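Tertiary structure, described
This is what each chain is made of:
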Amino acid sequence: MLIKHGINSGFGAIYMLASSPVLRRQQFLIRSLGDYSDQNTNTHQKGMQGTKFTSGASLEADAENVLRAITPTLDPNRHKGQAGKIAVIGGCREYTGAPYFAAISALKIGADLSHVFCTKDAASVIKSYSPELIVHPVLEESYSVRDDEKGVISGKVLAEVDKWLERFDCLVIGPGLGRDPFLLDCVSKIIKLARQSNVPIVIDGDGLFLVTNSLDLISGYPLAVLTPNVNEYKRLVQKVLSCEVNDEEAHEQLLSLAKRIGGVTILRKGKSDFISDGETVKSVSIYGSPRRCGGQGDILSGSVAVFLSWARHAMTDGDPSISSKNPATLGCIAGSALMRKAASLAFENKKRATLTTDIIEYLGRSLEDICPVQ
Ligand SMILES: NC(=O)C1=CN([C@@H]2O[C@H](COP(=O)(O)OP(=O)(O)OC[C@H]3O[C@@H](n4cnc5c(N)ncnc54)[C@H](O)[C@@H]3O)[C@@H](O)[C@H]2O)[C@@H](O)CC1
Ligand SMILES: Nc1ncnc2c1ncn2[C@@H]1O[C@H](COP(=O)(O)OP(=O)(O)OP(=O)(O)O)[C@@H](O)[C@H]1O
Ligand SMILES: [Mg+2]
């Protein structure tokens, strides 16, 4: 009706319409369609052939099919490490829960090895939560380092991480990292090393504080994923786009943000999660829980790291259903859906008492429901 009226009303009206938010939004939706819509061959799981990754006219990703396409089968010929080796860079005096949640979630989903690089204070605490994690007490905060030692210590930290770096399929940088300037300076150097080695990175929590103030660290790196919550997203928008968050044009703004940073993938967390690599925008709204206990974002960052790695492997293995897709986007869609499903199952069971550790216990069942072991 609006469009018809505009067209019949002469050039002036058409011009006004072309600049109207309604038309801009329509044009944007049309541009966004097409992503995954060419997907009609998912050969990974029996019975899934002919399905599409999106529901056609919406931005909602067909997350369950993405999960099925990228999750590897459990093959007796595989050796330890082939299902994923993840490292979390995070954990300091204040925060030991966040790196633990991220690292243990990676294992619960199916990664083979999960490391944590944290400060000395945090290391024994994190080890005591779980014997499954490999914990490296290598990071240092300013309070434990004299000014004249900083150069040497920073070199040692880098050498320790560098020894391991190429073995990892993905790094998660930031859960419980804290904001100590010396520590963040060392982590900046770790990010540069990861980029040189083409290791994917998921940046969350205090890692986002770091990169928001030093965008060059990630700018133009397509293997970087940012997972901001409401506050982290606000800071990112203010810094990069020099404006406030605009929920009226949320998708367009996310798209411009990802584009402006240079092709990184952004997963904006919230009531629905929105994912953009600067080319397309997808949403994940399925499942979810009304509990907002701290730590759910940490589960998500560890999960995205695993799924991103699996998506890259599936592509290397030549899976035609995803060969032209961005593995970072697929990893975000899968991680978001799994986290939300586990949260909803935990909430069904524990209601107001639901905690992050309860949600972690449902990660395995959630994946099994969608993608059963054959
Ligand atoms: N158990 C733990 O060790 C945990 C540690 N965490 C770590 O804590 C550090 C800081 O992360 P934060 O998430 O607190 O940083 P933020 O900058 O997001 O939060 C700062 C403040 O904003 C408030 N806030 C958070 N979400 C909000 C929302 N949706 N609407 C309005 N206000 C909101 C918080 O209550 C907090 O006071 C990070 O290193 C993070 O990884 C968190 O991951 C939570 C769990
Ligand atoms: N209102 C909501 N309804 C449903 N799910 C939500 C809602 N808000 C966030 N989530 C989900 O919770 C997960 C974590 O998002 P959240 O915004 O809590 O991250 P965070 O603040 O970084 O968490 P953390 O406490 O670990 O730092 C995301 O996967 C998101 O989908
Ligand atoms: Mg967080």
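Since the model is a prediction, treat every value here as computed from it, not as a measurement. (Residues numbered from 1 in each chain as written. Chains lettered and ligands numbered in written order. Predicted model: local features only at pLDDT ≥ 70, side-chain atom pairs only at ≥ 80, totals over all residues. Heavy atoms only, no water.)

1. Focus: the packing of helix α12 (residues 296-316) against helix α13 (residues 327-350)
α13 packs onto α12 with a crossing angle of 135 degrees between their chain directions and a minimal axis gap of 7 Å. Taken together, α12 and α13 sit at an angle that is classed as oblique. Both α12 and α13 take part in a crossing whose hand is right-handed. Residues Q296, I299, L300, S303, V304, F307, L308, A311, R312 and M315 of α12 pack against P327, A328, L330, G331, C332, A334, G335, S336, L338, M339 and A343 of α13. (Axes fitted to C-alpha atoms, helices over the stretch in contact; angles between N-to-C directions. Helix = DSSP H or I, 4+ residues; strand = E, 2+ residues; numbered from the N terminus. Parallel < 35°, antiparallel > 145°, perpendicular 65-115°, else oblique. Left-handed = near helix turned anticlockwise from the far one by under 90°. Contact = heavy atoms within 4.5 Å.)

2. What about the pairing of strand β2 (residues 113-119)?
Most of β2 sits inside the fold, with 6 of its 7 residues counted as buried. Summarising the sheet, strand β1 (residues 85-89) and β2 pair through 5 bridges and their orientation is parallel. Of the residues in β2, the one forming a bridge with I86 is S114. Read as a crossover between parallel neighbours, the route from β1 over helix α5 (residues 97-109) to β2 is right-handed. Judged from the 5 bridges that link them, β2 and strand β3 (residues 134-139) form a sheet pairing that is parallel. Of the residues in β3, the one forming a bridge with T119 is L139. (Buried < 20%, exposed > 50% of the residue type's maximum accessible area, 1.4 Å probe, protein only. Pairing = 2+ DSSP bridges. Right-handed = clockwise from strand over helix to strand, strands pointing away.)

3. Looking at the environment of I359
Within the secondary structure, I359 sits in helix α14 (residues 356-361). Take I359: its relative accessible area is 1%, and that puts it in the buried class. Expressed as a C-alpha distance, the spacing of I359 and L345, which sit 14 residues apart in the sequence, is 7.7 Å.

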